[in-house]
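# Breakdown of the fold
If you want the building blocks of each chain, they are given just below.
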Amino acid sequence: MKTGLLYGIVANSKTRVRCVFCGVYIPKANKCIEEHTNGMKHKENIDLMSENGLTYYNDELYCKPCDVYLTGEDSVAAHLEGEQHANWVAAMDDLIEGEFINIDAYLSTESEEVFCEVCNMKVNCTLQNIEEHVNDILHRSNVAEKLKPLNGIFPVENDDELWCKVCDEYIENTARSLLEHIDDDKQHVEWFMDIEDLIEDQEISIQDYLKNEHEKKAFCNKCQVEIPCNARSLEEHVHSEAHLNQFS
Ligand SMILES: [Zn+2]
Ligand SMILES: [Zn+2]
Ligand SMILES: [Zn+2]
Ligand SMILES: [Zn+2]
Ligand SMILES: [Zn+2]
């Protein structure tokens, strides 16, 4: 990326230039231009561009997600706050939430693709492609695989079922019923909400409990002790004197 003194600066009139990124006018004097391009605001806008899919080429600002060239008085911030861009972000967030899809390389404009971490593959970044990908049966089952150890779900001897340790319940061994259980089963969802609420910012880890079929305890990293992994014991622990007085 070219980042010289005149990066983002275009001629405007005899006496002033315009910063395309910030959408401001600057007196046409090297000192003023330098002051502006070294300024905080200007640098923030360059960062915003590289986090949101905007590029600057041939004196023009281009937004890749929206596939539009920014014209006239538009600035980086004004475009990002505008309806068209916000709609794209909302639609994309909706599609990729919980799907293990990484969009950073696309937004930094290094790539035209997003990376699906569970399928270990790249997908061309259009809303339509991604929608197809996340609904694909292979992707759904890869997501299901990934979610098992995060949700206390284990295989059982007969291959037809899975066991949810959290609910002590058997479920059908298909991606669909697994995802339904994780997303919609009241008991399952509430267990996670309660426990996550209790351990938030408490340095208590339940990863081993969820990952290992026979592990019965959560671990408090602050106190270096094991705690039975249920809401009542965890609640007692986080309110206990020992835990409260422990400095980490
Ligand atoms: Zn600027
Ligand atoms: Zn845009
Ligand atoms: Zn995938
Ligand atoms: Zn469950
Ligand atoms: Zn503790």
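This text follows the structure it describes.
Sequence positions are assigned chain by chain, starting from 1 and proceeding in written order. Written order decides the labels, with chains lettered from A and ligands numbered from 1. It should be noted that, the model being predicted, local features are given only for residues of pLDDT at least 70 and side-chain atom pairs only at 80 or more, the latter also being counted only at that level, while totals for whole chains, interfaces and linings use all residues. The side-chain values count all of the structure's non-hydrogen atoms but skip hydrogen atoms and water molecules.

### Description of the environment of S141
The criterion, for reference: Going along the chain from the N terminus, every DSSP run of H or I of four or more residues is numbered as a helix, and every run of E of two or more is numbered as a strand.
One can find S141 in helix α7 (residues 137-151). Spatially, the C-alpha atom of S141 lies 28 Å from that of P65, the residues being 76 residues apart in sequence.

### Concerning the coordination of the zinc ion (ligand 3)
Just so we agree on the cut-off: For Na, K and Ca the donor cut-off is 3.2 Å, and for all other metals it is 2.8 Å, counting N, O and S atoms only; because water is absent from this set, sites may look incomplete. Here the metal geometry follows the donor angles, with tetrahedral for four donors whose angles all fall between 85 and 135 degrees, square planar for four and octahedral for six when opposite donors are more than 155 degrees apart and every other angle is between 65 and 115, and irregular for all the rest. The cut-offs for exposure are 20% and 50% of the maximum accessible area for each residue type, with area from a 1.4 Å probe on protein chains only; residues under the lower value are buried, those over the upper are exposed, and the others partly exposed.
Around the zinc ion (ligand 3), the protein contributes the donor atoms C116 (SG), C119 (SG), H133 (NE2) and H139 (ND1), at 2.0 to 2.2 Å from the metal centre. Here the zinc ion (ligand 3) binds four donor atoms, and the angle range of 102 to 116° at the metal identifies the geometry as tetrahedral. Site description for the zinc ion (ligand 3): donor spacing in sequence, C-x2-C-x13-H-x5-H. One end of the pair, C116, is in strand β8 (residues 113-116); the other, H139, is in helix α7, with 23 residues separating them in the sequence. You'll find C116 and H139 in the same group, each marked buried.

### Some details on the coordination of the zinc ion (ligand 4)
Coordination sphere of the zinc ion (ligand 4), protein contribution only: C164 (SG), C167 (SG), H181 (NE2) and H188 (ND1), at 2.0 to 2.2 Å. In this structure, the zinc ion (ligand 4) is surrounded by four donor atoms whose angles at the metal cover 103 to 114°, and the resulting shape is tetrahedral. Mapped onto the sequence, the donors of the zinc ion (ligand 4) take the spacing C-x2-C-x13-H-x6-H. Within this pair, whereas C164 is found in strand β11 (residues 161-164), its partner H188 is found in helix α9 (residues 186-199), the two being separated by 24 residues in sequence. For C164, a relative accessible area of 0% puts it in the buried group. Judged by relative accessible area, which is 1%, H188 ranks as buried.

Interpretation note: all reported values are geometric properties and have no functional meaning in isolation.
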